Amino acid sequence: MLWFVARRVLLMVPALLAISALVFAVIQLQPGGFLTQYLEDPRFSPQTVETIKRQFGLDQPPHIQYLRWIQGIVTRGDFGYSFLNGRPVGSLIWERLGWTVFLAVLTIACTWLIAIPLGIYTALRPRGTAATIVNLVSYLGQAMPDFLLALLLIALVLSRGGANVGGLFSPDYIGAPWNWARLRDMVAHLWIPIAAISLEGVAGLMRQMRAQLLDVLGADYVRTARAKGAPERTVVWKHAVRNAINPLISLAGLSLPTLISSTILVSIVLNLPTIGPFLYDSLLNKDQYVVTTLLLFSSLLLMVGNLLADLALAWMDPRIRYQ
Amino acid sequence: MRRLAWLWIFVVAVVGLVLPVSAADKPVRGYESLGVVAGKQGGRLTMILGDSPPSFFYYGVIDSNLQALSQHLYDGLVEYNYRTYELEPALAEKWTISKDGRLYTFYLRRDVKWQDGRDFTADDVVFTFDQIVTNPEARAGDAGAFMVGGQRVRFEKVDTYTVRLTLPRAAPATLQYMRLYIMPKHKLLPHSVEGGAKPVDINSAWPTTVDPREVIGTGPFRLQAYVPGQKVTLVRNPRYWKTDAGGMRLPYLNQIELLIVRDPEQQVAQFLAGNVGQLNLSGAQFPDLKSRQQAGAPFKVISSRTLFGSPPHLAFNFDARNPELARLFSDLRWRQAMQMAVNRQRIIDDVYNGLAELPGHGVAPISSWYFDTRSFLGKFDLQGAARALDELGLRTGPDGVRQLQSGRPLEFTLTYGTDSAVWPPIATILQNDLKQIGVKVNLQGILSRTLLSTGLSGNYEALLLAFGDQPDPELRKPIWQPGGALYYWHRTTQPATPGGEPNFAAMQPWERQVYDIWETGGTTVSRPQRKALYDKWQVLFAQNLPVIMIAKPMAVGAIQNRYGNYLYSLGVIPGYNPVPLIFQK
Amino acid sequence: MTEAVPAVPSPPSSVWRRFRRSGPGVISAGILLLLYAAALLAPFLAPYSLVEQHPDLIHQPPQRVHIIRDGRLVRPFIYPMVRKRDPITFVASFAEDRSRPLPIQLFERGDTYSLFGARMDRHLFGVKGGTLFLLGTDAFGRCLLSRILVGSQVSLTVGVVGVAISFAIGIIVGGVSGYYAGVLDTLIQRLIEILLSIPRLPILLALATVIPAAWPSGYVYVGIVAVLSLIGWAGLARVIRGQVIAMRQLEYVTAARASGLRDLRIILRHIMPNLSSYLIVTATLALPGYILGESALSFLGLGVKEPMASWGLLLRDAQNFRALRLYPWLLAPGALIVISVMAFNFVGDALRDAADLQSV
């Protein structure tokens, strides 16, 4: 087991190197440069352009820039410098990481808490009106672009005279000390992003849960359990549901990094102080070390998530053994 | 200019006799015509910041959000009058300029305090210009503005409250640059060369992680707190050196909050929800908000003519890669025909919702430098344009598209910005109208931020772009002087080496004339003489159409009814900040 | 790790029979057929061209079709619209000009277009001496219905072309990897793992910003399809590899190998057909991702560009509060995105149930 984990962790290193090189190369292919946006400013002479290029090391060929950056990470734990913000990349990401992780964890939790019961319910009562409605909403949720949903939700709140139209807090509570009023204010704001982000996830997960459960309910051992005269409740909950959830665990591992990076659009529409819009801005401005570091970080999260999911699966399901 | 300064001294003296204000204070008065009334102290205003400021050090990064934030924190030696856009005293109580225009003496306002209580003196002024602004490594410095004729301007402290500038030769635009914000020497010395640091270190002063108490200015508000990515909070500077007309100390507001909101729709949502007090709008947003106001919403939507703001133009590349097109685009008759095909009225009506006016040529119509060139704009006349194209020998082919002499179809690519409310509709309207006179336009949309670099690279045929107008034409010299760094529609006029002589051989006769006007204008001291020169330039511009000006947009803004004294401002012009006058009712 | 269990495909005929019994699946398939047929015939169905502007009729709401005149049932007709502007708010309002009823004509002459190589100027319907905008107009007075119809050509093909490309890559790479095993397999697996470890949306955005601005809109379309499908193939290749590994051991494959058939031929002719139902279901379920991906790129201004149109690009005009309040009909392309994505999902799910492929 330990050997398995060690091997997987070791394998991550070359993969991460390859990813960083790939991403760096893609950014270099982008037309234009970080400095193009400043050209209209009368203060920006050709000499200034040269000076800044030299200050940032942009006068070096790309592979030297890349190797220097890698060297900085390995030797000093320095993830480079943000041209746009004039600060080390590490501290910039750190600043935004808290809310990003908070939102991601909360959204995953909500997705699972809603999707699993709904999936069980629709599997057990496939023909009821409620199941039909749930089904239809789940299909709708999957088909609706999340940015459009977020916008429509804001419009709805606005038309009802609400003030919680974006961000995580009302202006008064930003940076204020925690108390009940602030918590209430946050909850009033949070439901919009959580609804917009998790609806799609809920729809997918719910249908997977339903499919798995229907599969398991048809399996031999469930029939045996029923034949033995075990009460229906025990059959469903103890035998079927537990086994049906197992395959979904590997999905949980995949969802953490996606929630950090694929909430870009919702975060832009809803003005959330997360990493997503920061990544998008950096991408457009060709702030190369920020983009590469963020993508590297998301990839690492994905790999770690996968590993954790595999381990959880082994722990939950005694049939799986890793050598 | 000097007359104005004396007038101010006179006004200050008279007010000083009548009201018990300190001689050092500047009363802000004379704006009754703009609707300014006496306000009351207190209250809070929340405004929008388009993104997180990258730093708190104004001269460290060129960034519009940092500029919007900095205007509340700092002052320059001079500033603009809100109504006339003329320069008037700010931190400098008065100034004198020698007859030959080479010696500027600024007499600083006494008793002005930095927000931490230290005295503001000539040392701070000299330090700001010597160690920061003219430091070539400062990323948002302006070393170029203080290089006159290849030599540096000299800054000297005469006494504690007097600063002298010595110029190698006369350069009347220098006074404009004295709007630059003055920084506290006692806080920034360690980051400067004088304080023992490397020149480049000045850029790392005051990062956003700094203790807000370190970031101090002389301005109406001081930095109180910053929540990364969400909000900047500013509080009233109780020692500010301006008073209102009645002698009450400005600013009125106790607090300013700058909410960081990137998405324009989210900005509108925050305003409609009442979380934000003031919002700048585009013409396209006007009908929605104005009709909400009519329906009883608690805010006002205001549109006003403004000096600042960017009038779009249509440029044809004189040096287009296709030699046949280059020859055509360099021909004045072509550009005249194109001007006739620009439906300015429709663009003003449909793109700007009527919130724009006919453009000036390089100068805003509201500016005192403006020369009325409207008669040169002509009328929208597709038949006339078609006739003009006929006369150029561009005959219509069987498919309805005109043909060049070589027999190839007359088509060109029009590059525009996709991520804007203005460029796509203008481009589409032009394409549609030109199609009717047999000119095929291929649209090429790119991100607006790359428009100028595309123009400067010369890799385009026609381009839609806008340059901001400024109160003094001299500030836009690199754009409009042939051979200037931003004169992108005729790149062959550029000097062979940066800073060298431009390529006169490539210039058309009128371009040479314009070049000479700018050269003379840059060293002429007398205001009437400069005005005459720039009038001539505007006429040459309007006649020869280096670019075809399209419209001058008005400024549109919305403000909640609970605030008074709202003068529209784009918010990022150093030396033009009417926020201290805003009060909460 | 657990290997994918080989899908046990049902015979196509029984799949079809079972699919027909799924109500939503059949209805959705019908809707999709209609949408694709409309996209194919778009220039004929659309009363106007993609770019025709009507400056006097900007932001006109959908026009009402009348069938009763003076209390009698007549052939469908409309009244021309007259635009007025509020002098203060500049909000446009439209009124019907009741004095001039215009009957809707079938096979009306309009601007010329080419369809299946033939140049034509007849449109399915239109009016003489006026304009007919059944879904209203946009900020330039362009017919929204026409733009949606022509835009569907982009939106509905992005998915098909993209899936085709990513499947071609996925099948070949996955097949080769699973069939040969060994070092090649290990290398390909590492590559796929790396590609799968890069989060999807950021790399999509990064690649989309690489598309040169100077490209004409047709190339940009190709570029976007390429970008979308380059990201999609890796996951598919991995699953196909698993299936191929399992199938390699099956008797008929061993027999085919023994009879000396070429490897690629075995992969494509003997192994893949057995995966066909699996592939069809996967493809159907992958299509919506492309439609949504295109709309996400368009939302950020990185998608297809004027003068081309796509549903995502058209929806962009509706993504602001002024449109939601004053011009709500601009949301119509959004409705079509939702409808088509839902239809693909319904069909995919019904196919999956019919083919008994719960693992997809």
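Procedures and definitions
Residues numbered from 1 in each chain as written. Chains lettered and ligands numbered in written order. Predicted model: local features only at pLDDT ≥ 70, side-chain atom pairs only at ≥ 80, totals over all residues. Helix = DSSP H or I, 4+ residues; strand = E, 2+ residues; numbered from the N terminus. Rg over C-alpha atoms; globule rule 2.2 N^0.38 Å. Buried ≥ 20, exposed ≤ 12 C-beta atoms within 10 Å, placed from the backbone. Contact = placed C-beta atoms within 7 Å. Nonpolar A, V, L, I, M, F, W, Y, C, P; charged D, E, K, R; others polar. Pairing = 2+ DSSP bridges. Axes fitted to C-alpha atoms, helices over the stretch in contact; angles between N-to-C directions. Core = buried A, V, L, I, M, F, W, Y, C linked by C-beta atoms within 7 Å. pLDDT = per-residue confidence, 0-100.

## Quick look at the overall build of chain B
Along its length, chain B carries 16 helices and 26 strands. Here chain B has a C-alpha radius of gyration of 25 Å; the compact-globule value for 585 residues is 25 Å, and the two agree. Taken along the three principal axes of its C-alpha coordinates, chain B extends 80 × 60 × 45 Å. Here chain B, with 585 residues, has 54% of them falling under the buried criterion. Within chain B, contacts between residues at least 6 apart in sequence are counted, and of these 68% link residues at least 24 apart.

## Section: the overall build of chain C
Within chain C, the regular secondary structure consists of 13 helices and 7 strands. Overall, the C-alpha framework of chain C stretches about 85 × 45 × 35 Å when taken along its three principal axes.

## Let's talk about the environment of Ala314(A)
Tracing the backbone through its elements, the reader meets Ala314(A) in helix H12 (residues 288–316). Once the C-alpha coordinates of Ala314(A) and Thr100(A) are considered, the two residues, 214 residues apart in sequence, prove to be 29 Å apart.

## Section: the interface of chain C and chain B
Each side of the interface is counted separately: chain C has 22 residues, and chain B has 27 residues. Its residues assigned to classes, the side of chain C that touches chain B shows 13 nonpolar, 5 polar and 4 charged.

## A word on the sheet that holds strand E12 (residues 231–236) of chain B
Two pairing modes exist for strands in a sheet, parallel and antiparallel, and in both the strands are linked by backbone hydrogen bonds. Residues and elements named next belong to chain B. Here we have 4 strands laid out as an open sheet, ordered E2-E14-E12-E11, and mixed in their pairing. The open sheet has two edge strands with one neighbour each: strand E2 (44–49) and strand E11 (221–227). Across this sheet, the average inter-strand angle for adjacent strands is 20°, counted without regard to direction. Note: E11 against E12, 6 bridges, orientation antiparallel. Considered in E12, the bridge of Phe221 is made with Arg236.

## Comments concerning the interface of chain B and chain A
With 45 residues of chain B in contact, the opposing surface of chain A contributes 40 residues. Breaking the side of chain B that touches chain A down by element, the ones donating at least two residues are E11, strand E14 (255–260), helix H6 (264–272) and helix H13 (451–457) of chain B. Element by element, the count of residues in the side of chain B that touches chain A is highest for H6(B), at 5 residues. Here the side of chain B that touches chain A is built from residues that sort into 21 nonpolar, 15 polar and 9 charged.

## So, the nonpolar core
Considering soluble globular proteins, one finds that nonpolar side chains tend to be buried as a cluster. Counting 341 residues, the largest nonpolar core has Ala150(A), Ile426(B) and Ile224(C) as the members making the most contacts within it. It is helix H7 (residues 217–248) of chain C that contributes the most residues to this core, 15 residues altogether.

## Structural notes on the confidence of the model for chain C
All names here are of chain C. Scored by pLDDT, chain C has a mean of 83; 94% of the residues are at 70 or more. Note on residues 1–8: pLDDT is under 50 here. Beyond four places in sequence and across chains, it has 15 contacts. As scored by the predictor, the complex reaches a pTM of 0.86 and an ipTM of 0.84.

## Some points on the sheet that holds strand E5 (residues 102–103) of chain C
Residues and elements named next belong to chain C. Spatially, 3 strands are ordered E1-E2-E5 in an open sheet, and the strand pairing comes out antiparallel. Lying at the two open borders of the sheet, with one neighbouring strand each, are strand E1 (66–69) and E5. Of the pairings in the sheet, the one linking E1 to strand E2 (residues 72–78) comprises 3 bridges and is antiparallel in character. Counted as the bridge partner of His66 is Phe77 from E2.

## Quick notes on helix H10 (residues 344–351) of chain B
Residue and element names in this part refer to chain B. When we look at burial in H10, the residues that qualify are Arg344, Ile347, Ile348, Asp350 and Val351. If you follow the buried residues of H10, they end up packed against strand E18 (356–357) and helix H12 (423–436). Positive backbone phi, at 55°, marks Asn353, one or two positions downstream of H10.

## Comments concerning unusual backbone geometry
Residue and element names in this part refer to chain B. Residues Leu250 and Pro251 are joined by a peptide bond in cis, for which omega reads -5°. Position of Pro251 relative to the elements: it lies in the loop between strand E13 (242–244) and E14. One non-glycine residue with positive phi stands out, namely Tyr85, at about 60°. With respect to the helices and strands, Tyr85 occurs in the loop between strand E3 (78–80) and strand E4 (87–89). Positive phi outside glycine occurs at Asn353, with the angle close to 55°. One can find Asn353 in the loop between H10 and E18. On the basis of neighbour count, Asn353 is assigned to the buried category, with 24 C-beta atoms found within 10 Å.

## As for the pairing of strand E3 (residues 81–85) of chain C
Residues and elements named next belong to chain C. The sheet contact formed by E3 and strand E4 (residues 92–96) spans 5 bridges and is antiparallel. Looking at the pairing, Val82 lines up with Ala95 of E4. The turn linking E3 back onto E4 is made up of 6 residues, and Phe90 within it adopts a positive phi angle of 65°.

## Observations regarding the environment of Leu84(A)
By the element assignment, Leu84(A) lies in the loop between strand E1 (81–82) and strand E2 (87–88). For Leu84(A), a count of 22 C-beta atoms within 10 Å translates into the label buried. Taking the C-alpha atoms as reference points, Leu84(A) and Leu136(A), 52 residues apart in sequence, are found 45 Å from one another. Residues contacting Leu84(A), with those up to four places away along its chain left out, are Ser282(A), Asn285(A), Asp287(A) and Pro54(B).

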